[in-house]
Amino acid sequence: MADIIDKANDRAALDLQRALAAAARAAPPLPYVGQCYNCEASLPPSMRFCDGDCCRDYEKRQRAEAMR
Ligand SMILES: [Zn+2]
């Protein structure tokens, strides 16, 4: 059972890493503003998003706006 939970956590960490790496490749670097670009939650100064979901949501919105 613990193995399954470990694997799920590894998987989530990997997804987050991939999302952040994809964001870094796709967009010009965003300045660190101390809050999440997606939901505006307070973050440590070295982070731009709270998690991979916020990162993806932000990307999606940027793409939608670029198409207008
Ligand atoms: Zn967020």
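See the structure shown above.
Residues numbered from 1 in each chain as written. Predicted model: local features only at pLDDT ≥ 70, side-chain atom pairs only at ≥ 80, totals over all residues. Heavy atoms only, no water.

Undergrad: How should the overall build of the chain be read in this particular structure?
TA: Scanning the chain for helices and strands turns up two helices and zero strands. Each principal axis of the C-alpha atoms in the chain carries an extent, and together these give about 45 × 25 × 20 Å. Relative to its 68 residues, the chain shows a buried fraction of 16%. When the accessible surface of the chain is split by element, carbon and sulfur atoms take 56% of a total near 5300 Å². When the 10 basic and 10 acidic side-chain charges of the chain are each reduced to a single mean position, those positions are 7 Å apart. (Helix = DSSP H or I, 4+ residues; strand = E, 2+ residues; numbered from the N terminus. Buried < 20%, exposed > 50% of the residue type's maximum accessible area, 1.4 Å probe, protein only. Areas by Shrake-Rupley, 256 points an atom, 1.4 Å probe, with all protein chains shown as cover. Lys, Arg positive; Asp, Glu negative; His and termini not counted. Charge placed at Lys NZ, Arg CZ, Asp CG, Glu CD.)

Undergrad: So what exactly am I meant to see when it comes to the side chain of Asn38 here?
TA: Looking at the element boundaries, Asn38 is found in the loop between α1 (2–26) and α2 (52–66). Polar contacts involving the side chain of Asn38 include one to the side chain of Arg61, which spans 3.2 Å. Once you skip the residues sitting within four places of it in the chain, Asn38 turns out to touch Phe49, Cys54, Asp57, Tyr58 and Arg61. (Polar contact = N/O pair within 3.5 Å; in protein donor to acceptor, adjacent residues only side chain to side chain. Contact = heavy atoms within 4.5 Å.)

Undergrad: Looking at this structure, I do not really get the coordination of the zinc ion. What am I missing?
TA: Working reference: metal with six octahedral donors, ideal angles 90 or 180 degrees; metal with four tetrahedral donors, ideal angle 109.5 degrees. Coordination sphere of the zinc ion, protein contribution only: Cys36 (SG), Cys39 (SG), Cys50 (SG) and Cys54 (SG), at 2.2 to 2.3 Å. Taken together, the four donor atoms coordinating the zinc ion and their angles of 103 to 116° define a geometry best described as tetrahedral. Of note, the donors binding the zinc ion are all from one chain and are spaced C-x2-C-x10-C-x3-C. Cys36 sits in the buried class, given a relative accessible area of 1%. (Donors = N, O, S within 2.8 Å, 3.2 Å for Na, K, Ca; no water. Tetrahedral: all angles 85-135°; square planar, octahedral: opposite > 155°, others 65-115°.)

Undergrad: What exactly am I supposed to notice about unusual backbone geometry here?
TA: Comment: phi is negative for the bulk of residues other than glycine, and the bulk of peptide bonds are trans. You will see that Glu40, though not glycine, has its phi angle at about 65°, which is positive. Structurally, the position occupied by Glu40 is in the loop between α1 and α2.

Undergrad: Honestly, the nonpolar core in this entry has me stumped. Any pointers?
TA: Within soluble globular proteins, side chains that are nonpolar generally end up buried alongside one another. Formed by Ala23, Cys36, Leu43, Phe49, Cys54, Cys55 and Tyr58, the largest nonpolar core amounts to seven residues. In contact with Cys54, not counting residues within four places along its chain, are Cys36, Asn38, Cys39 and Phe49. (Core = buried A, V, L, I, M, F, W, Y, C linked by side-chain atoms within 4.5 Å.)

Undergrad: Even after reading the chapter, I still don't get the packing of aromatic side chains, so can you show me in this structure?
TA: For any pair of aromatic rings, the description consists of the separation of the ring centres together with the inter-plane angle of the planes. This structure, assessed with the given rule, holds three aromatic pairs. Both rings, one in Phe49 and one in Tyr58, keep their centres 5.3 Å apart while their planes meet at 55°; by these two values the pair is tilted. On the basis of relative accessibility, which here comes to 12%, the residue Tyr58 falls in the buried class. Pairwise contacts between aromatic rings join Tyr37, Phe49 and Tyr58 into one cluster. (Phe/Tyr/Trp six-rings, centres within 6.5 Å; stacked < 30°, edge-to-face > 60°.)

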